[in-house]
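Each chain is listed here by its residues.
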Amino acid sequence: MVTFFKWQFLSTGFITSEEALLYEKVDCKYNKFWVPLMWANAVLSHARKENHIKTDWGLRMVIEVNDKVFYLFVC
């Protein structure tokens, strides 16, 4: 079954078909709208560890903006 979320993000190129499969494999009793946000935050944390984001404050600011943008689409 193709959910609207999956179809919307696949058709616009925001996620790949491989990422869509990973999304579908997430085992959750409730709505999975938070999964992409967690993926994005994991990528940002990895970038901080590799010093692509220079400070913890910079990481915090990027995550806060990411969260706000995400909630604009969800709410």
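The structure presented is a predicted model; accordingly, all values stated were derived computationally and were not measured.

(A) Region of interest: the pattern of salt bridges. By the definition in use, this model includes 2 salt bridges. Of the charged contacts in the structure, one is a salt bridge between R48 and D56, with a shortest N-O distance of 2.9 Å. By relative accessible area, which is 54% here, D56 ends up exposed. R60 is the salt-bridge partner of E64, the closest N and O atoms lying 3.0 Å from each other.

(B) Representation of the nonpolar core in the model. Ranked by size, the top nonpolar core spans 5 residues in total: L44, A47, I53, L59 and I63. Broken down by secondary-structure element, the contributors of at least two residues to this core are helix 3 (35-49) and helix 4 (56-74). Dropping the residues within four chain positions of it, A47 is found in contact with H52 and I53.

(C) How the structure looks around the packing of helix 2 (residues 17-25) against helix 3. One way to put it is that helix 2 packs onto helix 3 with a least axis distance of 11 Å and a crossing angle of 115°. Crossing angle aside, the handedness with which helix 2 passes helix 3 is right-handed. Only V35, P36 and W39 of helix 3 make contact with helix 2, whose side of the interface consists of E19, L22 and Y23. Along the lines of polarity and charge, the residues of the contact of helix 2 with helix 3 split into 5 nonpolar, no polar and 1 charged.

Reading the values: rules and limits
Residues numbered from 1 in each chain as written. Predicted model: local features only at pLDDT ≥ 70, side-chain atom pairs only at ≥ 80, totals over all residues. Heavy atoms only, no water. Salt bridge = Lys/Arg side-chain N within 4 Å of Asp/Glu carboxyl O. Buried < 20%, exposed > 50% of the residue type's maximum accessible area, 1.4 Å probe, protein only. Core = buried A, V, L, I, M, F, W, Y, C linked by side-chain atoms within 4.5 Å. Helix = DSSP H or I, 4+ residues; strand = E, 2+ residues; numbered from the N terminus. Contact = heavy atoms within 4.5 Å. Axes fitted to C-alpha atoms, helices over the stretch in contact; angles between N-to-C directions. Left-handed = near helix turned anticlockwise from the far one by under 90°. Nonpolar A, V, L, I, M, F, W, Y, C, P; charged D, E, K, R; others polar.

No statement about biological role is implied by the geometric values presented.
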